[in-house]
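# Overview (structure and organization)
These are the residues of each chain, in order.
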Amino acid sequence: MSTTAHEAHKPTIPKTITIDARQPDRPSTGIPLGARTLSRHEPIAPSSRLPIEFRTLSLQVEYNGGPVDVEDRGKGAAVKGEAKALNSLDWHEIALGEALQRLSVSPQAGLDAAQAARRRALYGANQISPPPNRMFRKVSEWVFGGFGSLLLAGSIVCFICWKPLGNPHPDSSNLALAVVLLVVVALQAVFNAWQDFSTSRVMASIKDMLPADVLVLRDGAQTTIPAAALVPGDLVYIVMGQKVPADMRLVEVTSDLRFDRSVLTGESEAVSGRLEKTDDNILETKNIALQGTLCVNGSGVGLVFQIGDNTVFGRIAKMSSASPTQMTTMQREILRFVIIIAGLALLVAVMTVIIWAAWLKPTFPHYITTSSLLIDLVSIMIAFIPDGLPMTVTVSLAKVAHTLSQHKVLCKSLSIVETLGCVNVLCSDKTGTLTQNKMHVEDAAVLDVSFTPATLKDQLATGTAAITENLRQLPAVSALCNAATFEAGMGEKERTIIGDATDSAILAFADGLDSVHTARSAWQHVYKMNFNSRKKYMLTLSKLIHTNGMPDDPPAPLASWDGARTDDLLLCVKGAPDVLLPRCTHVLDPAGGPPRALSLEAQHRIVGIHERWAAQGRRVLLLARRLIPHHVVPKHIAPFSEEFEDFVEDATAQLVIVGLLGLIDPLKPDIPETVRICREAGIRFFVVTGDHPATAVAIAALAGIISNVGAVHHYADLVSEDTEKAADASNQPADRPLQSIVISGSELDMVTTHTVMDRLCAYEEIVFARTTPEQKLRIVKAFQARNSIVAMTGDGVNDAPSLRAADCGIAMGGGSDVAREAADMVLLEDFSAIVVALEYGRLVFDNLKKTCMYLLPAGSFSELMPILLNILIGVPQLLSNIQMIVICVGTDVLPALAMCFEPPESGLLSRPPRNTRVDRLADWKLYLHAYVFLGIIESLCAFSMSFWFLQRRGLPFSSLALGFGNWPGLTDELLHEAQSVFFFTLIIMQWGNLLATRTRKSSILQQPPSWGINKTIVPAALTALAIGIFFSYPSFFHTIFKTHGIPAEYFFLPMAFGLGILMLDEIRKLVVRTYPNGFLAKIAW
């Protein structure tokens, strides 16, 4: 842009700024920039949004100082640390004069060139440092992660055994084994790299949020400099459409200055700019402009106090690149399994070295050389490691995630699927989750006279003038105090309402009684505050459009007895009755005439209506109004200034109650069945809502969350001694009766001791009502601190912190984008899909357990036995090292992957959720079944086949046992053929293991390996055999890998052995099903 063009676009801001240092607290009058204009600006692109844990820092800062009776659990430690640091900042609290003095800057001239140069040298550029390059670390994790380090070490040892230890006659099989191990490591590294999809693009999005050039005051003149050249103490001119270049204290503002902070808070409404502190939280106060936010209206001047990495954005960038990733339950289980397997391999290796050094080397010095010993140790390592497990884990998670996507469940990470299977506490929002979010007004009341919409319409048409004059105020206030609108360009009957469910229902109610267009056309909003979860009400301040005299019949909701003037203002309020009732002094008389004083008796009548409707599941709203005479309205205050907001807040008193509305949001038809299944699955199902306690309990009862409405406890019961004794007596899960409690957010704040919180968390049925976002967050953390795995559902911006904090955050597809971003899982359609997600979450763990069971007998135990017998009783090693590798990464992998496609067994959701502290992926029961039952059978059968083959070739077992290298008549070719017999016996017997392990309790007759149930089982088994044939029959592999083909007759007997394994396991399962408390059931895996 040219200099001339740039000057043309400069705001008309004076070059000098006058601040009275003697009166630092006096608010500025603002900078006159002409009339206020509405702006249209492009929304910030979704790719520029920050991770949700950082976009809710403001809540973390506010919550940080509150009472917390829960453990940290290591979640969000970086965020909490930064929240604590932000809490210590006081730039929003000190006076303007002190801020200028602290930074040694003249308000009339700004910084001089020398000051700016010194500070640039001291503080550096206003740029966010790029994150450290962790590519080396990532590559190391890809290569050495899981079993990679053991395999790589084994490859190096094989290279050493080939040369120099193998000189002068190096064994080519050692070289082949080393190369094969390297190939396996490389394949696993490539697979791990493909799997790693967590690369963050946060830095790029942050850079896009910052402006390139800014207008500042230096040396007494306005000048344009690069944003990177800003230093603390600079006075920056903020104009509409500009992104804030640094963290600044506002020095001058216009009355219409607005900032879009959605990138930080998720709130779509613009925030006004003010000179004085409006909140103790530096991220919420309006006298601070934060770097990266967007000025959408007005203009101002800001004093830079933080730049670069020290800004809020800089802290976010640092946290996003340095915050450690929390391990999921599945990752912890896999790590534990790897440690156990590696420990067993190390133990056997050490024992082997001891036996070799203490006995074999002195007694049989030429039997096992040092090179051979090292190869044996590598073989032990190969035998123990189920190399196909990492691939199986990922494929299993991906398969389940794909299946869930077909049920309209979107999983944002693969590992969260298994976490959902561990959930034992489900906290559900009410509106839009349990209910249809399709509200309609069911009842209306003026004082305690109730109407349906139809009877109210009849009364308006047939009632006397006095009655009609009062009753018509209800639809009029419903139309004026409403954020919903009708879509333009539509016919009267097919008009679509744009707005949230509550406002849309009230607007439809109002339009059904009287034209909303007519009601709104007489009024113009001067000020409006939309509903928010903190204040729990909405208000509008309006003035009459036509001011040429008040007509005899004033427009509703005015009445003849108001005595209103054309320049008076009308305040309309709509919100929670328990919040607004204390602000009211009068109530409309349904019989007509002036309003009655709100006596105690009238209050009881109104509360009675409220409680009766709430107990029927209605959401109750109170509508009120107040006529504000023109002479009390301050004329010198701009309508959007902080002072005017204070005036409106003070005016929200002495209200006249217009009436009550009872809205019904119907329960979704599938919710009772969904709740029943979840509870039968051992999941405690709670309601966490902002609604009135009676409404929440009524909906919870309809949904089946509350079993007995008449036996619901309250806060008083929670803190009583009798309840404490009852709770202590009910600590035995088997005897604990179903207990219900409803507790409001204000009552939850009174729970400050661990004892009372422990008692609250022990209830089976809980309804949390009138909760704030901070309280939702506290609820999640309280249950997590008591070893619960918590799932939280939500759809609003305010749900984001609790969704992020939960072990599994679940957002609704129709919810806000902030909630969807914070959640781990999104239900795109029906909430009932949560049942499918829970089932498949448990299925993941079940199928991975089956995979481990399949891999261990042949791929671990039966591979180890030939090595141990070779060392202990001196027989030839009947399974070569190459064949071990082929089994681990070839023949066993595809059947193991086929196990991932197994459907759920019947009764999967009738089991209690997995206890992550007790129920392990591989526990002693699994090892017992894999090694003692399956492993021994497969090993004995494979040895029998190999020794039988050698005996038929003239080498009985007696001539091989205790030979220790002295095996007359055993040629290399004969040994290789015997090894191949052992090899194929294991491959074929694994068919029986595969069919037996597919189910843990169900019979194969209940879940046959048919094409319709799992079409991959049979092809995977046949492919495993084909892989074995491929590496054994071509003569090319005979020389390199020293494998050999076998006669066809040796294929059939192992099939009988495999069938025997299947039959034995079927008998075991039958006994377990018949005697669920018997010995076999107790040791069943």
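Each chain has its residues counted from 1, following the order in which its sequence is written. Only residues with pLDDT of at least 70 get local features here, since the model is predicted, and only at 80 or more are side-chain atom pairs given and counted; chain-wide, interface and lining totals rely on the full set of residues. The side-chain numbers reported here are obtained from all heavy atoms of the structure, hydrogens and water having been left aside.

## As for the overall build of the protein
Helix and strand assignments come from DSSP, with helices taken as H or I runs of at least 4 residues and strands as E runs of at least 2, each series counted from the N terminus. In terms of helices and strands, the protein carries 42 helices and 29 strands. For the protein, buried positions account for 55% of its 1085 residues. Note on contacts: a residue pair is in contact if any heavy atoms of the two residues lie within 4.5 Å. In the protein, once contacts between residues fewer than 6 apart in sequence are set aside, the share between residues at least 24 apart is 77%. Accessible surface, the protein as shown: approximately 45,300 Å² in total, 59% of it carbon and sulfur. Three labels apply to residues, based on accessible area from a 1.4 Å probe with only protein chains included: buried if under 20% of the type maximum, exposed if over 50%, partly exposed otherwise in between. Reported accessibility uses the Shrake-Rupley method at a 1.4 Å probe radius. Residues are deemed covered only where the shown protein chains occlude them.

## Here we look at the environment of Pro 895
Take Pro 895: it is sitting in helix 36 (residues 893-899). Linking Pro 895 and Val 1018, residues 123 residues apart in sequence, is a C-alpha distance of 8.6 Å. In this structure, Pro 895 is in contact with Tyr 854, Leu 994, Ala 1020 and Ala 1024, ignoring residues within four places of it in sequence.

## Focus on the nonpolar core
In these notes, a set of buried Ala, Val, Leu, Ile, Met, Phe, Trp, Tyr and Cys residues joined through side-chain atoms within 4.5 Å is what counts as a nonpolar core. The biggest cluster of nonpolar side chains holds 154 residues, and the ones touching the most others in it are Leu 404, Phe 831 and Leu 950. Here this core gets 22 residues from one element, more than from any other, and that element is helix 34 (residues 833-872).

## Some words on the packing of aromatic side chains
Here the aromatic set is Phe, Tyr and Trp, taking the six-membered ring for Trp, and pairing holds for ring centres within 6.5 Å; pairs whose planes are under 30 degrees apart are stacked, those over 60 apart are edge-to-face, and all others are tilted. One pass over the structure, following the stated rule, counts 26 aromatic pairs. Centre to centre, the rings of Phe 1030 and Phe 1037 are 5.3 Å apart; their planes meet at 65 degrees, and the pair counts as edge-to-face. Its relative accessible area of 10% is what places Phe 1037 among the buried residues. Grouped by ring-pair contacts, the aromatic residues Trp 359, Phe 364, Tyr 367, Phe 964 and Trp 967 constitute a single cluster. Residue placement shows Arg 619 over the ring face of Phe 531; its charged tip is 6.0 Å from the ring centre. Lysine NZ or arginine CZ positioned within 6 Å of the ring centre and within 35 degrees of the ring normal marks a charge as sitting over the ring.

## Thoughts on the pattern of salt bridges
Take a side-chain nitrogen of Lys or Arg and a carboxyl oxygen of Asp or Glu: if they are within 4 Å of each other, that pair is a salt bridge. Counted by the stated rule, this structure contains 32 salt bridges. Between Glu 649 and Arg 583 there is a salt bridge, with the nearest N and O atoms lying 3.8 Å from each other. A residue pair is termed long-range when its members are at least 10 positions apart, and Glu 649 in helix 24 (residues 642-651) and Arg 583 in the loop between helix 22 (577-580) and strand 19 (584-587) qualify at 66 residues. Residue Arg 583 is classed as partly exposed on the basis of its relative accessible area of 24%. Salt-bridge contacts for Asp 589 lead to Arg 596; the nearest nitrogen and oxygen are separated by 3.4 Å. Accessibility expressed as a relative area gives 35% for Arg 596, which makes it partly exposed. Within the structure, one salt-bridge network assembled from shared partners comprises Asp 90, Glu 98 and Arg 102.

## Considering the sheet that holds strand 8 (residues 294-297)
Backbone-to-backbone hydrogen bonds pair the strands of a sheet. The strands run either parallel or antiparallel. If DSSP finds at least two bridges between two strands, the strands pair. The antiparallel open sheet is built from three strands, whose spatial order is 6-5-8. Across the chains shown, the open sheet's two edge strands, defined by having one partner strand only, are strand 6 (271-272) and strand 8. With three bridges connecting them, strand 5 (residues 258-260) and strand 8 associate as antiparallel partners. Note that in strand 8 the partner of Phe 259 across the bridge is Cys 295.

## Regarding the sheet that holds strand 7 (residues 288-289)
Taking strand neighbours across the sheet as the criterion, the six strands line up as 2-1-3-9-4-7 in an open arrangement whose pairing is antiparallel. Every interior strand has two partners, whereas the edge strands, strand 2 (221-226) and strand 7, have only one. Note: strand 3 (residues 235-238) against strand 9 (residues 300-306), four bridges, orientation antiparallel. Bridging across to strand 9, Ile 238 finds its partner in Gly 300.

## Details of the side chain of Glu 1066
Within the fold, Glu 1066 resides in helix 41 (residues 1052-1074). Here Glu 1066 is buried and forms no salt bridge, its nearest opposite-charge partner Lys 1069 lying at an N-O distance of 4.0 Å. Not counting residues within four places of it along the chain, the set of residues in contact with Glu 1066 comprises Ser 1002, Ser 1003 and Ile 1004. We score Asp and Glu as negative and Lys and Arg as positive, and we do not count His or the chain ends.

## Digging into unusual backbone geometry
Pro 164 follows Lys 163 through a cis peptide bond whose omega is 10 degrees. For the bond running from Ala 556 to Pro 557, omega is 10 degrees, close enough to zero to count as cis. Looking at the element boundaries, Pro 557 is found in the loop between strand 17 (537-544) and strand 18 (569-575). Phi angles above zero are rare outside glycine, and Leu 447 is one such case at about 60 degrees. By the element assignment, Leu 447 lies in the loop between strand 12 (440-446) and strand 13 (449-451).

## Examining a nonpolar patch on the surface
Only residues above 30% relative accessible area that lack a salt bridge enter a patch, with like-charged residues linked at up to 9 Å and the nonpolar side chains Val, Leu, Ile, Met, Phe, Trp and Tyr linked at up to 5 Å. Residues Trp 924, Leu 928, Val 932, Ile 936 and Leu 940 make up a contiguous nonpolar surface patch of roughly 480 Å² in combined accessible area. Positionally, Val 932 belongs in helix 37 (residues 924-952). On the accessibility criterion, Val 932 (46% relative accessible area) is partly exposed.

## A closer look at the pairing of strand 21 (residues 619-628)
Strand 21 sits mainly inside the fold: eight of its ten residues count as buried. By the bridge criterion, seven bridges tie strand 18 to strand 21 in an arrangement that is antiparallel. Each bridged residue has a counterpart across the sheet, and for Leu 569 the counterpart in strand 21 is Ile 628.

## A word on the packing of helix 19 (residues 473-480) against helix 20 (residues 501-513)
Fitted lines through C-alpha atoms give the axes, limited to the stretch in contact for helices. The angle between two N-to-C directions lies from 0 to 180 degrees. Running from amino to carboxyl end, helix 19 crosses helix 20 at an angle of 135 degrees, the nearest separation of the two axes being 8 Å. Classified by the angle between their axes, helix 19 and helix 20 sit oblique to one another. Pair helix 19 / helix 20 crosses with left-handed handedness. Where helix 19 approaches helix 20, its residues Leu 474, Pro 475, Ser 478 and Ala 479 are matched on the opposing element by Ile 506, Leu 507, Phe 509, Ala 510 and Leu 513. For the contact of helix 19 with helix 20, the residue count by class is eight nonpolar, one polar and no charged. Each angle receives one of four descriptions, namely roughly parallel if under 35 degrees, roughly antiparallel if over 145, roughly perpendicular if within 65 to 115, and oblique otherwise. With the far helix as reference, a near helix turned anticlockwise by less than a right angle produces a left-handed crossing, and one turned clockwise produces a right-handed crossing. Following the grouping adopted for this structure description, the nonpolar residues are Ala, Val, Leu, Ile, Met, Phe, Trp, Tyr, Cys and Pro, the charged ones are Asp, Glu, Lys and Arg, and the polar ones are all others, Gly among them.

## Re the environment of Phe 983
Along the chain, Phe 983 turns up in helix 38 (residues 972-997). Taking the C-alpha atoms as reference, Phe 983 lies 8.2 Å from Ile 887; in sequence the two are 96 residues apart. In contact with Phe 983, not counting residues within four places along its chain, are Leu 879, Gln 883, Val 886, Ile 887, Thr 891, Gly 1028 and Ser 1032.

## Points about the state of the cysteines
Any two cysteine sulfur atoms within 2.5 Å of one another count as a disulfide. Overall, the coordinates contain zero disulfides when judged by the stated rule. There is no disulfide at Cys 808, and the cysteine sulfur nearest it, in Cys 411, is 8.0 Å away. With relative accessibility at 0%, the residue Cys 808 sits in the buried group.

## Examining the pairing of strand 18
Taking burial as the measure, the seven residues of strand 18 include seven buried ones, the bulk of the element. Side chains Leu 569, Leu 571, Val 573 and Gly 575 project from strand 18 onto one buried face, and the interleaved Leu 570, Cys 572 and Lys 574 project onto a second face that is buried too. Note that strand 17 and strand 18 share seven bridges and pair antiparallel. Following the sheet pairing, Lys 543 is matched in strand 18 by Leu 569.

## A short note on the side chain of Arg 619
With respect to the element layout, Arg 619 can be found in strand 21. Among the polar contacts listed, one links the side chain of Arg 619 to the side chain of Thr 502, at a separation of 2.7 Å. Residues contacting Arg 619, with those up to four places away along its chain left out, are Met 439, Thr 502, Phe 531, Leu 661, Gly 662, Leu 663, Asp 691 and Thr 695. Any N or O atom pair separated by 3.5 Å or less is treated as a polar contact, with the protein-specific requirement of one donor-capable and one acceptor-capable atom, and with residues adjacent in sequence counted only for side-chain atom pairs.

## A short note on the confidence of the model for the protein
The predicted coordinates should not be examined in detail at positions where pLDDT is low. Confidence along the protein averages 82 in pLDDT terms, with 84% of residues attaining 70 or more. pLDDT expresses how confident the predictor is about each individual residue, on a scale running from 0 to 100. Across the protein, strand 19 holds the top mean pLDDT of 96, while helix 1 (residues 3-8) sits lowest at 37. Scored below 50 in pLDDT, residues 198-209 makes 24 contacts in the model with residues more than four places away or belonging to other chains. Predicted confidence is poor over residues 729-736, with pLDDT under 50, and the contacts of this stretch with residues over four places away or in other chains come to five contacts.

## Considering helix 15 (residues 389-406)
In a regular helix each residue adds 1.5 Å, so 18 residues correspond to 26 Å; helix 15 covers 26 Å between its end C-alpha atoms and thus fits that length. Of the residues making up helix 15, those classed as buried are Leu 389, Thr 392, Val 393, Thr 394, Ser 396, Leu 397, Val 400, Ala 401, Thr 403 and Leu 404. Where helix 15 ends, the next residue or the one after it, Lys 408, has phi of about 65 degrees, a positive value. Working rule for helices: expected span equals 1.5 Å times residues minus one.

## Observations regarding the packing of helix 14 (residues 370-384) against helix 35 (residues 881-891)
Interhelical geometry of helix 14 versus helix 35 gives an angle of 15 degrees and a closest axis separation of 10 Å. Classified by the interaxial angle, the pair formed by helix 14 and helix 35 is roughly parallel. As for how helix 14 packs across helix 35, the hand of that crossing is left-handed. Contacts between helix 14 and helix 35 involve Ile 375, Ser 379 and Ile 382 from the former and Asn 881, Met 884, Ile 885 and Cys 888 from the latter. For the contact of helix 14 with helix 35, the class distribution of residues is five nonpolar, two polar and no charged.

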